Amino acid sequence: MTGASGFIGRHVVAEALRRGHFVSAMVRPATPIRELPWADQERVTLVRLDLRSERHLTEVLLGIETVVHLAVAGWRETVVTTENLLRAMDAAKCTSLVLVSSFAVYDYDRVPPFGLLDETSPLERRPERRDAYCHAKLVQEELAREWGTERGRCLCVLRPGSVIGGNDAWTPRVGIQMTSKWWIRIGAWARLPLSYVENCAEAIVHCAEHRMARGETFNIVDDDLPTQRRYSRRLQKLTRPQPHILPLPWPLLLLTAWLAVLANRALLRGRGRLPQLLRPPSLSARCKPLRYTNRKLREKLDWRPRFTLEEALGRIYRTDE
Amino acid sequence: MRDSKFSGAKALRVAVIGTGEISDEHLRFLAASPRARLEAVCDLSPALARLSARQYGAARAATDYRAMLEEARPDVVHVLTPPHSHATVVRHCLEAGCHVIVEKPIAPTHAEFQDLWTLARGKERWLIEDHNYRFNKPVQRMEQWVRTGRLGEIQEVDVRMALPIREASSRYADENLPHPSHRMPGGVVHEFITHLCYLALRFLPDRSIGDGVGFDRAHALWGNTAGGGLFKYDELDALVIRGGVHARLRLSCQTRPAVLQIVIRGTQGEAATDLYQPYLVLNAPRFGGGQLTPLINQWLSGWHLVFRSLRNFFDKLQRISPYEGLATFLDLTYASLATGGTPPVTFDDMDTTSRLIDLLVAQAGS
């Protein structure tokens, strides 16, 4: 497991242990062990390595059946770490990879408003108009698919939606947290592709275990996905002190973004780099009203999220204690 | 060192080695310049080499620079690899008969720089270190004021760089895989002092006077104020003296905001700039005479700051960064390579800078 100390990674390790697996958990050399509750468990081998260097990587992969690749950094680092990992997997004759990608790879402009975004939806063709994360994840998927095809290896690509957990259930897909007291909600009726971190971890381990997952791509989202309006109101009630929500209609912001694009073309000959919220492709990726589904995961692998949204929020905000 | 091969209008065949962050600045220039034709991009990472080649229209991507030099046969190579590798890569490029444009510092010591220069001369190739900030518009303007005597006789030069690179988010502070610059004799500070040195030396009295060394003496205090084992040093405070002119060079890895300030003080007035949040103010005699000059200077400076704040906003929108001088530097360099002229960063510039760095680094730990 790479990125084992990350936000999702630490839950994936916990879930794999819960299911009785032996886990080789790769963390960066300076990661403090006290932050990892499973670090001293018997079935965990803690490996301190930085994937940006190939040193010792092959050795630690010897005898590993499946690698779950979660580690992510800046875009250049993400590319280099993935290359290093794939080379080392070849050398160690490790044949199965579960790559944790992201919803960021989709081209939201090519899905009609309120349309269904699923595993067959088109991928972003021009990542440079979006952001470094989108670019990194696309290149990462491309590298993994090349490796899978050329070397005849087993690859499963997982794309989690907006993963919530930790101490905060906020997601940028709702809008902007201006201050702790003022939130701006962009849109109202867009469904949020939420995935509670423990559900997401369970889905990842489930796919790593399942032979039927090999060669497939799955989106990971929970059931009962809320709209921005319902979710922001729910968060508002759970947050102390209670913030004020300023609603901003999605069409208005989209219109503003297009006006900014026109102004950029007219005044700056299109050379201007507008802020993300004024770039229509980035804005769409964040707040466009779409529908999402976990049907493929349910039907192919018989996966069900363990926690409902209310249970997930209860665990995040400790209202269930 | 003139080469008839480059005196025509033919575009030079160019290769880039290293695709780190700075490579985007070089590649953007090369993709747009009529004087250059990007032949190859090389990086240890095949994917990064391929992506850069695709994005900037290079004919090929490579992972082995020596094989690439053989196959692509470039006229010019940009060496953009980590600093500790410069000397080796530059040597191989020169041996392959290429002109070399290299990121700072060209080599860890002056002796190694001299070896490379001797090799370049033997091969009749140019070896050019990137002194990009010298070509930023405010610095060029300051040079003009100094040349025209607007500031009178120069007495003091202050160059201060603040880079908060000890913060946890900085790649230099990453303890997981220490940045290669930590291996330099002066640690991470060594990577940045080239900028301080060439900027200060630019405003010291003419190097053609006297011994030609460019400075009489230099004193440096190095410190590691935040401690820890990763950084050898995180502070430098140096004084460089040439005749009666004092240049103060300061670098801090902890203070905010990030700045690269240059202040020139002369017998008639002073000029100040910051290249990271660009502005340029001049306090010099004005048409109002002694009584009104301070008032006019303050008034003009205030207006300039208001104007610059707007201009900086639009510059940011247009992705005009503090690297704006790099495009000018490369443009002048390619013009000189094409016409057989002398590049804008000369042997003297690099030699004096390298000597000064050697002297400052020699005082580290003392």
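Calculation rules
- Residues numbered from 1 in each chain as written.
- Chains lettered and ligands numbered in written order.
- Predicted model: local features only at pLDDT ≥ 70, side-chain atom pairs only at ≥ 80, totals over all residues.
- Helix = DSSP H or I, 4+ residues; strand = E, 2+ residues; numbered from the N terminus.
- Rg over C-alpha atoms; globule rule 2.2 N^0.38 Å.
- Buried ≥ 20, exposed ≤ 12 C-beta atoms within 10 Å, placed from the backbone.
- Contact = placed C-beta atoms within 7 Å.
- Core = buried A, V, L, I, M, F, W, Y, C linked by C-beta atoms within 7 Å.
- Pairing = 2+ DSSP bridges.
- Axes fitted to C-alpha atoms, helices over the stretch in contact; angles between N-to-C directions.

Draft legend 1. Local environment of the overall build of chain A. When its secondary structure is counted, chain A shows 10 helices and 13 strands. Taken over C-alpha atoms, the radius of gyration comes to 20 Å for chain A, in line with the 20 Å a tight globule of 321 residues would show. Every one of the 321 residues in chain A was classed for burial, and the buried ones make up 43%. Counting only contacts in chain A whose residues sit at least 6 apart along the sequence, the fraction spanning at least 24 positions is 74%.

Draft legend 2. The arrangement of the nonpolar core in detail. Among the nonpolar cores identified, the biggest contains 140 residues, and A:Val12, A:Val98, A:Leu158, A:Ile204, B:Cys42, B:Cys93 and B:Val100 are the most heavily contacted of them. The element contributing the most residues to this core is helix α5 (residues 197–209) of chain A, with 8 residues. Setting aside anything within four residues of it in sequence, one finds B:Cys42 in contact with B:Ala15, B:Val16, B:Ile17, B:Ala49, B:Ala62, B:Thr63, B:Tyr65 and B:Met68. Counting 49 residues, the second largest nonpolar core, distinct from the first, contains B:Leu151, B:Val189, B:Leu199 and B:Leu282.

Draft legend 3. Expanded view of the sheet that holds strand β11 (residues 217–220) of chain A. Residues and elements named next belong to chain A. Read from one edge to the other, the open sheet built from 4 strands follows the order β3-β4-β6-β11, with strand pairing classed as parallel. Two strands lie at the open edges of the sheet, namely β3 (66–69) and β11, each paired on one side alone. For this sheet the average axis-to-axis angle between neighbouring strands, irrespective of direction, equals 15°. Two elements, strand β4 (residues 96–100) and strand β6 (residues 154–160), share 5 bridges in a ladder whose sense is parallel. Paired with Leu-99 across the bridge in β6 is Val-157. Contacting β4 and β6, helix α4 (residues 132–151) crosses the sheet at an angle of about 160° to β6.

Draft legend 4. Highlighting the environment of A:Phe218. All names here are of chain A. Structurally, Phe-218 is set in strand β11. Distance in space between the C-alpha atoms of Phe-218 and Leu-277 is 28 Å, their sequence separation being 59 residues. Not counting residues up to four positions away in its chain, the partners in contact with Phe-218 are Glu-119, Leu-158, Cys-207, Lys-296 and Leu-297.

Draft legend 5. Focus on the sheet that holds strand β3 (residues 60–62) of chain B. All names here are of chain B. Overall, parallel pairing links the 6 strands, which are arranged β3-β2-β1-β4-β5-β6 in an open sheet. The open sheet terminates on both sides in strands that have one partner only, identified here as β3 and β6 (127–129). Here the strands of the sheet are splayed against their neighbours by 25° on average, with no regard to which way each runs. Two strands pair when backbone bridges link them, and strand β1 (residues 12–17) and strand β4 (residues 76–79) are joined in this way by 4 bridges, in the parallel orientation. Bridging across to β4, Val-14 finds its partner in Val-76. Contacting β1, β2 (36–42), β4, β5 (99–102) and β6, helix α9 (residues 324–339) crosses the sheet at an angle of about 135° to β1.

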